[in-house]
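Examining the three-dimensional arrangement
Residues per chain, in single letters:
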Amino acid sequence: MAATSLSLSLGLPSAANNLNRHAALNIITCENTSPNQDRSCTRRPFLLGAGALSLSLLPVSPLLAQGKPENYEIFVDKQDGYSYYYPSDWREFDFRGHDSAFKDRYLQLQNVRLSFIPTDKSDIHDLGPMEEVVPDLVKHVYSAPNQVANIMEMKERTTDGKNYCTFEYVLTSPNFSRAAFATIAIANGRWYTLIVGANERRWRKFRNKLKVVADSFQVLDI
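Because the structure is predicted, anything quoted here is derived from the model rather than measured. (Residues numbered from 1 in each chain as written. Predicted model: local features only at pLDDT ≥ 70, side-chain atom pairs only at ≥ 80, totals over all residues. Heavy atoms only, no water.)

Observations concerning the overall build of the protein chain
Within the protein chain, the secondary structure is distributed over five helices and twelve strands. Here the protein chain holds 222 residues, and the buried ones make up 50% of them. For the protein chain, the accessible surface area stands at approximately 11300 Å², while carbon and sulfur atoms represent 49% of it. (Helix = DSSP H or I, 4+ residues; strand = E, 2+ residues; numbered from the N terminus. Buried < 20%, exposed > 50% of the residue type's maximum accessible area, 1.4 Å probe, protein only. Areas by Shrake-Rupley, 256 points an atom, 1.4 Å probe, with all protein chains shown as cover.)

Here it is in structure tokens:
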């Protein structure tokens, strides 16, 4: 999946349970099979038994060392350098301007999508104070002209030396409101944005479930 354009990427852009000793883990990984072939994505079953992590999983994603929460799968893109959890009953779909996306089988507005754009910055703090950057993104990039933006919460974290900012916001238009979490990070010369959200009417019921997705996002060195 290729890098996306500036306008689409910007506008559209951690606690986990321990695994049982022999729990099966379904992981979608994406990589190039050869320099002259397109990237392929495959779902691979891994058996996380004694010593299994030492073979090949740890280099793929630090998330695997923490253990995957029940009822979630993990998407790992080794070519583009990122990973995140998504609910097990969601399915992959094409979302214009995004590198990967998953949605609820029945509620299509309940989804997660990941985009990135090139940047000469090396860290999110190079963009400026998050207290200024986040409101600017939500109000002037994520919002349509007829929407009112309301930022509910903002939190920063550092994982493996990389900084992330996750923020919760609501976009309200005359006939519709949507709530979401967004997590931004900079690595590999790219500005990554993960957004996971739902119809605001369903937000209270699904908020904690979707927050697991937002908090799980990590960038990988490529």
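Some thoughts on the nonpolar core
Within the largest apolar cluster, 31 residues are counted, with the highest numbers of intra-cluster contacts made by Tyr84, Val112, Leu114, Tyr192, Leu194, Val196 and Phe217. Of all elements in the fold, only β3 (72–77), β4 (82–87), β7 (111–118), β9 (162–173), β10 (176–187), β11 (190–199) and α5 (200–216) reach the threshold of two or more residues within this core. The element best represented in this core is α5, accounting for five residues. Counting 18 residues, the second largest nonpolar core, distinct from the first, contains Ala180, Ile184, Ile186 and Trp191. (Core = buried A, V, L, I, M, F, W, Y, C linked by side-chain atoms within 4.5 Å.)

Overview of the pattern of salt bridges
Taken as a whole and judged by the stated rule, the model has five salt bridges. Arg207 is the partner of Glu153 in a salt bridge, and the nearest nitrogen-oxygen pair spans 3.5 Å. Highlighted residues: Glu153 in strand β8 (residues 148–159) and Arg207 in helix α5, separated in sequence by 54 residues. Residue class for Glu153 comes out partly exposed when judged on its relative accessible area of 37%. (Salt bridge = Lys/Arg side-chain N within 4 Å of Asp/Glu carboxyl O.)

A look at the packing of aromatic side chains
Using the criterion set out here, one finds 15 aromatic pairs in the structure. Aromatic side chains Phe75 and Tyr84 sit 5.6 Å apart centroid to centroid with 35° between the ring planes, which places their arrangement in the tilted category. Take Phe75: its relative accessible area is 0%, and that puts it in the buried class. Among the residues examined, Tyr84 registers a relative accessible area of 0% and is labelled buried. Taken together, a centroid distance of 5.6 Å and an interplanar angle of 65° make the contact between Phe75 and Phe102 edge-to-face. Remark: Phe102 occurs in strand β6 (residues 100–104) and Phe75 occurs in strand β3; sequence separation between them is 27 residues. (Phe/Tyr/Trp six-rings, centres within 6.5 Å; stacked < 30°, edge-to-face > 60°.)

Some words on the environment of Phe93
Positionally, Phe93 belongs in the loop between β5 (90–92) and β6. With 18 residues separating them along the chain, Phe93 and Asn111 place their C-alpha atoms 9.6 Å apart. Among residues more than four places away in sequence, those in contact with Phe93 are Ala101, Phe102, Lys103 and Asn111. (Contact = heavy atoms within 4.5 Å.)

Brief notes about helix α4 (residues 130–142)
Helix length check: α4 (13 residues) gives 16 Å between terminal C-alpha atoms against 18 Å at 1.5 Å per residue, more than 12% under. Those residues of α4 lying buried are Met130, Val133, Val134, Leu137, Val138 and Tyr142. (Expected span 1.5 Å × (residues − 1).)

Quick look at unusual backbone geometry
The backbone of Asn71 shows a phi angle near 70°, a positive value even though the residue is not glycine. Structurally, Asn71 is set in the loop between α3 (63–66) and β3. Overall, the relative accessible area of 54% leaves Asn71 in the exposed class. Although it is not a glycine, Asp160 adopts a positive phi angle of roughly 50°. Here Asp160 is to be found in the loop between β8 and β9.

Interpretation note: all reported values are geometric properties and have no functional meaning in isolation.
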